[in-house]
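Topology and contacts: notes
Here's the letter readout for the chains.
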Amino acid sequence: MATVVGVRFRTVGKIYYFDPTGFELTRGTSVIVETARGVEFGTVIMGPKEVDDESIVAPLKPILRIATDDDIAKESYNRSREQEAYAVCKEKIREHNLEMKLIRAEYTFDNNKLLFYFTADGRIDFRNLVKDLASAFRTRIELRQIGVRDETKMLGGIGICGRELCCHTFLTDFAPVSIKMAKEQNLSLNPTKISGTCGRLMCCLNNEAETYEYLNSRLPKQGSYVMTPEGVTGRVQSVSVLRQHIKVIVENGDEREIREYSIDEINEAKRRREEGGHASDQAGESPRRRNEENRNRFDRGEKKAPKGKANEEKSGVKAENANKNSGNGQSKNKKRRRHRKKPQQPKNEGQKNE
């Protein structure tokens, strides 16, 4: 176990663990830390707490100091310079005629590096662009290609629900979303209905996926057959996932009726039926039937043959049937020969002269 604090560098960005190194830190405190990109300005999101060593990315870097007023002023100055860098980079992209969309420019706290985030359909050869930017800003330049989801997270916007985008307000990571989640929630599979501003499946489909998966597991499939509380078997016409009700088509004489039941009523009827069948087996109904069959067989003088003998008897019966068939065939051939017409004998020569 190790004591750490959670620090975030951008709005709704990832939370990184750092060693508090004896500082009294609370939520919302601005701090200066050392990262792989250099010295950075961050905000404490999670106060000191103990976590497992497995969840820590070694080595655990310490917090350098609590941010002073000068540090906060410098951070504000860097944010203003980022707007100028964004405009210059956009102009350079236009000059080089590159098919890329610039999203954001970002300075590190110590101004040792300037990062540009962009999106593109494929790979972009921006070596000449980097040279021009390095000569213009006199600092290290780094261009990072991001996806459409990250683009929407950085820019923000309003979703089809009328509220600010989830990824721009509280989502720190993108959870995998599949079309199966939309099917389980009985949503329209029209891409315009289930796609977000980024053009991908909406992240909010994952919010209730686990709940719908549990509720669907309790309901029978549409078109299956269930036993109703009245003891009648019916076919499931439709299901209501949230209400946990199903509509069943049952036959009432020559007519068909649609009845609605809760899933608890269906499960209770199924349980009673299983208990009734189990009780009848324990009462000895099925053994009694077997005993009666054995008694009748014994009265007729029949015995239950073992498996090996039964197979031999079956083979013997098959052989006898084959012999009978062959015998029947021979007798039929004899009958056919008998019924054949005898050949007419030729007449005598004397008869011919007469």
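The following paragraphs examine the structure supplied in this document. (Residues numbered from 1 in each chain as written. Predicted model: local features only at pLDDT ≥ 70, side-chain atom pairs only at ≥ 80, totals over all residues. Heavy atoms only, no water.)

Here we come to the sheet that holds strand β9 (residues 225-227). Strands sit in the order β9-β10-β11-β12 across an open sheet of four strands; the sheet is antiparallel. Unpaired on one side and paired on the other, β9 and β12 (255-262) mark the two borders of the sheet. Neighbour-to-neighbour, the strand axes of the sheet open up by a mean angle of 45°, direction not taken into account. Here strand β10 (residues 233-240) pairs with strand β11 (residues 245-252) via five bridges, running antiparallel. (Pairing = 2+ DSSP bridges. Helix = DSSP H or I, 4+ residues; strand = E, 2+ residues; numbered from the N terminus. Axes fitted to C-alpha atoms, helices over the stretch in contact; angles between N-to-C directions.)

Once that is clear, we can look at the pattern of salt bridges. Overall, the coordinates contain 18 salt bridges when judged by the stated rule. Salt-bridge contacts for arginine 10 lead to glutamate 82; the nearest nitrogen and oxygen are separated by 3.2 Å. Of this pair, arginine 10 sits in the loop between β1 (2-8) and β2 (16-18) while glutamate 82 sits in helix α1 (residues 69-96), and the two are 72 residues apart along the sequence. Arginine 10 gets classed as partly exposed once you look at its relative accessible area, which sits at 23%. Taking the relative accessible area as the measure of exposure, glutamate 82 reaches 7% and is therefore buried. Where salt bridges share partners, they join Arg10, Glu75, Arg79, Glu82 and Glu106 into one cluster. (Salt bridge = Lys/Arg side-chain N within 4 Å of Asp/Glu carboxyl O. Buried < 20%, exposed > 50% of the residue type's maximum accessible area, 1.4 Å probe, protein only.)

Turning to the sheet that holds strand β3 (residues 30-35), a few remarks are in order. Sheet strands pair by backbone hydrogen bonding; their relative direction is either parallel or antiparallel. A sheet is described by the order of its strands in space; here five strands give the open sequence β2-β1-β4-β3-β5, paired in antiparallel fashion. Two strands lie at the open edges of the sheet, namely β2 and β5 (63-66), each paired on one side alone. On average, adjacent strands in this sheet sit at an angle of 45° to one another, irrespective of strand direction. Pairing between β1 and β2: three bridges, direction antiparallel. Of the residues in β2, the one forming a bridge with valine 7 is tyrosine 16. Docked against the sheet, α1 engages β3, β4 (38-51) and β5, running at close to 120° with respect to β4. (Contact = heavy atoms within 4.5 Å.)

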